Structures are given as structure tokens and as C-alpha cells.
Protein chains: 2
Amino acid sequence: MQLSPKLAALVEALRCLPGIGPKSAQRIAFHLLERDRDGGAQLGNCLSQAMQSIGHCESCRTFSETPICDICESVKRQDSGLLCVVESPTDVLAIEQTGQYTGLYFVLMGHLSPLDGIGPQEIGLDVLQTKLQQGNINEVILATNPTVEGEATAHYIAELCNNLGVKASRIAHGMPVGGELDLVDGMTLMHAFSGRKAL
Amino acid sequence: MQLSPKLAALVEALRCLPGIGPKSAQRIAFHLLERDRDGGAQLGNCLSQAMQSIGHCESCRTFSETPICDICESVKRQDSGLLCVVESPTDVLAIEQTGQYTGLYFVLMGHLSPLDGIGPQEIGLDVLQTKLQQGNINEVILATNPTVEGEATAHYIAELCNNLGVKASRIAHGMPVGGELDLVDGMTLMHAFSGRKAL
Ligand SMILES: [Zn+2]
Ligand SMILES: [Zn+2]
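What counts as what
Residues numbered from 1 in each chain as written. Chains lettered and ligands numbered in written order. Predicted model: local features only at pLDDT ≥ 70, side-chain atom pairs only at ≥ 80, totals over all residues. Heavy atoms only, no water. Donors = N, O, S within 2.8 Å, 3.2 Å for Na, K, Ca; no water. Tetrahedral: all angles 85-135°; square planar, octahedral: opposite > 155°, others 65-115°. Helix = DSSP H or I, 4+ residues; strand = E, 2+ residues; numbered from the N terminus. Buried < 20%, exposed > 50% of the residue type's maximum accessible area, 1.4 Å probe, protein only. Core = buried A, V, L, I, M, F, W, Y, C linked by side-chain atoms within 4.5 Å. Contact = heavy atoms within 4.5 Å. UniProt positions renumbered as here; feature names shortened; annotations may be inferred.

Turning our eyes to something else, we now look at the coordination of the zinc ion (ligand 1). For a metal with four tetrahedral donors the ideal donor-metal-donor angle is 109.5 degrees, whereas six octahedral donors ideally subtend 90 or 180 degrees. Residue and element names in this part refer to chain A. Distances from the zinc ion (ligand 1) to its protein donors, Cys 57 (SG), Cys 60 (SG), Cys 69 (SG) and Cys 72 (SG), fall within 2.3 Å. Given four donor atoms and angles of 105 to 116° at the metal, the environment of the zinc ion (ligand 1) is assigned as tetrahedral. The sequence motif formed by the donor residues of the zinc ion (ligand 1) is C-x2-C-x8-C-x2-C. Of this pair, Cys 57 sits in the loop between β1 (55–56) and β2 (63–64) while Cys 69 sits in the loop between β2 and α4 (70–73); the two residues are 12 residues apart in sequence, bridging distant segments of the chain. Judged by relative accessible area, Cys 69 falls into the buried class, the value being 6%.

Next up, the structure:
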């Protein structure tokens, strides 16, 4: 038996979900048809809407349904003079969940990766430069990932900031709170040592 | 930061997928928006189409986009005089993949479960009875799951068949091919012993 055309198309389309192979895709399709047609129809609708209507904030490049996102619109955040640079919108969410940071963001939507053709323009550094030249930002906090590419990107942006006379800082790396020394990787341990502070 | 309305709606809607919690739903939504908008839009479209257009075959109750499914339409299968009763459309797929069975199917879309209000009518036994009374089926092969409910359902249908003078048989249970004796559950082992054959 072949699957009917629309069922086969659904199974195939489900494979765009990360980590879903052909077997799981089939299981999901049957589950929705058997047990949750309303949920499936609702998901279909939300996906179509989201893929069509969610663009990027013109100011910080994060996902937004409006030309300028809520965070960039906030006068209080504009007044902070702080701009935190991250690689992805999920990083913004993670930082916002701490409830401690009250400045603006700039989302690179990736990191420099010259071999993949991802240069300064692809991660929006022209937009960032224009923003910094407007003179409202006092400090750029570089919160790219502590990976080789993230570090390289942070250093590249730090130089851009220095050229424009804007202070740049890098978030601290070290032991995660509650972590165990012997379970942490060597790179993190190295950062923890080199970043040590007097008590 | 709150998620924008359409992004929040998408994250919420993704939770209808089996085994997807709030964290995974968020990860999937961002993945699609960042890396695979075409795939996401395609999935949205396929979901809407499938939930709307895929109904049940009037003859065997499996999923079908047409009133009668391909298997039920097949004259060769009609001529076999065999009808295999299973609980779910995925069981049909599994049996079809063996390529050995060439008869018809009847899909219960569940099993008898009086406490949940699922009686003979809910699993289509009225439709099955009409089918058997037409006189084209010589043998009903009961391939419900080897669970308490599956067994009870098989026995109920066997009695129905006996009353109508149609032969009913139950698929064999025992050791899975390639299985190891000490790794198999007691119920299966018991079936394997009671179903032993002379060599
Ligand atoms: Zn923004
Ligand atoms: Zn059918």
C-alpha cells in the first residue's frame, strides 16, 4: 500500500522538523489524523501565518511582526545606552528571562564564517555601524557564543566599536554556577582560571 | 521579552505534536524561522490540506482521500475472500510492507473499551457485520494487538463471525524472529509455549 497523496505529502513535509526521520514523521501524521485533527489544523494555520508574517526588526534584526520590535521601541531601553550583541533570537529570550538586563539588543542571526560566504554584511554589521554612529550607545556588550566563530565575531565587532570610539566588552566565561570542576570541559576551565578575581 | 503574538501562537500550536514540550516547541519555531521558512510554509500547507481532505474509507475505515480506498477498490483483493481486522491504519502499513498479504482490511480505529464508552458501534462493527453479510468474505483474520483489550476485541469479533457462519482466525503470537528467549516478556513466552508445534 502506498500512502494516499496528501498523507504522503504531509509525512514528507514533517521531515523539515529538526530530528524527525521518516518513521517519526509517519507516526506524527497518523497521530494527528487519529487523535488531534483540530490541533493539526491549528498548527497548519499558525505555521502558514508565522512563516508569512514574521520578519526581522529593522533596528535589531530579531524576529518581529512589526517593522520595529517592542524592545527597540522602548524609550527606557533606548535611554540605557547599552547594546548587547547576540547570535540568535533565542539568546535574547535567554537573557530576557534573567530579568536583569534592561538595554537594547542587536541580533547577528549567525556569526562570521568567511568559508561559508558569511561576512560582515551578512550578519548586519553595516546596520550595526549606522546604529553606533548615531551616538546613543555608550557600551556594546558582546554576548556571542564562546565558540571559535563566536570569539572571532566578537573580536571583529570590538574593533569596529573601537574605531567608532564606542566601548566594547565581552561577557565573562568560566565555571557555570553549580557546576562541578571535574565535569567541565578544558576550554571553560581555562577561561575560569584566566578570568580569576582577587578575593 | 514576550514572544510576538504569531510566534507565541506557533510555539503553542507545535505542542500538539506528540512528545514536544514548551522548550522543544520554541526550538522548532526558531529553527523554522531562521533556517527553513520554505519547509515551514510547506508543512503548514500540507497540514491544513491533510486535516481537511483526509477522511475514512467507507468500506474499511482506514484513512482515505476518496470515499473508497485503493485497497478496497482492488478486484484482486476483493477476490481473495480474506479480510484482516486491525486496530489502526499504521497496522495496515506494517502488514503491507511484508508484501505477503493480498486480501482486504478492516480498520477498527481503536479497540473495545466499555469503560471509555467505546463499544461495538464506535469501532465500526455494524459496518463489519454488513460487509460479512454480503457473503464475499470467507475468512476474517483477527490481527488486533496482543494486549488485554486487543484480545477481548478479537474474541468479540470472532463470535460475531461465528454467528454469521464466517471462519475467524487469530494471528499467531510467540517469539519474535531473531529474539532472545531471556529478553522476551513472560506473556509472549507463555504464548510461544502454548502455541508450540510438532517438528
Ligand atoms: Zn528590535
Ligand atoms: Zn478501504
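And the narrative resumes.
With that settled, consider the coordination of the zinc ion (ligand 2). Residue and element names in this part refer to chain B. With distances of 2.3 Å, the protein atoms coordinating the zinc ion (ligand 2) are Cys 57 (SG), Cys 60 (SG), Cys 69 (SG) and Cys 72 (SG). The site at the zinc ion (ligand 2) holds four donor atoms, and with the angles between them running 105 to 116°, its shape is tetrahedral. Written as a sequence motif, the donor residues of the zinc ion (ligand 2) are C-x2-C-x8-C-x2-C. Of the two residues examined, Cys 57 and Cys 60, each falls in the buried class.

Let us now look at the nonpolar core. The biggest cluster of nonpolar side chains holds 44 residues, and the ones touching the most others in it are Leu 10, Leu 17 and Leu 43 of chain A together with Leu 10, Leu 17 and Leu 43 of chain B. When contributions to this core are tallied by element, the ones reaching two or more residues are α1 (5–14), α2 (22–35) and α3 (37–53) of chain A together with α1 (5–14), α2 (22–35) and α3 (37–53) of chain B. Not counting chain neighbours up to four residues away, the residues in contact with Leu 17 of chain A comprise Leu 17, Ile 28, Leu 32 and Leu 43 of chain B.

The UniProt entry lists residues 57–72 of chain A under the feature "zinc finger region: C4-type" (unreviewed entry), expressed in the numbering used here. This span, residues 57–72 of chain A, is 19% helix and 12% strand, and a straight line between its end C-alpha atoms measures 8 Å.

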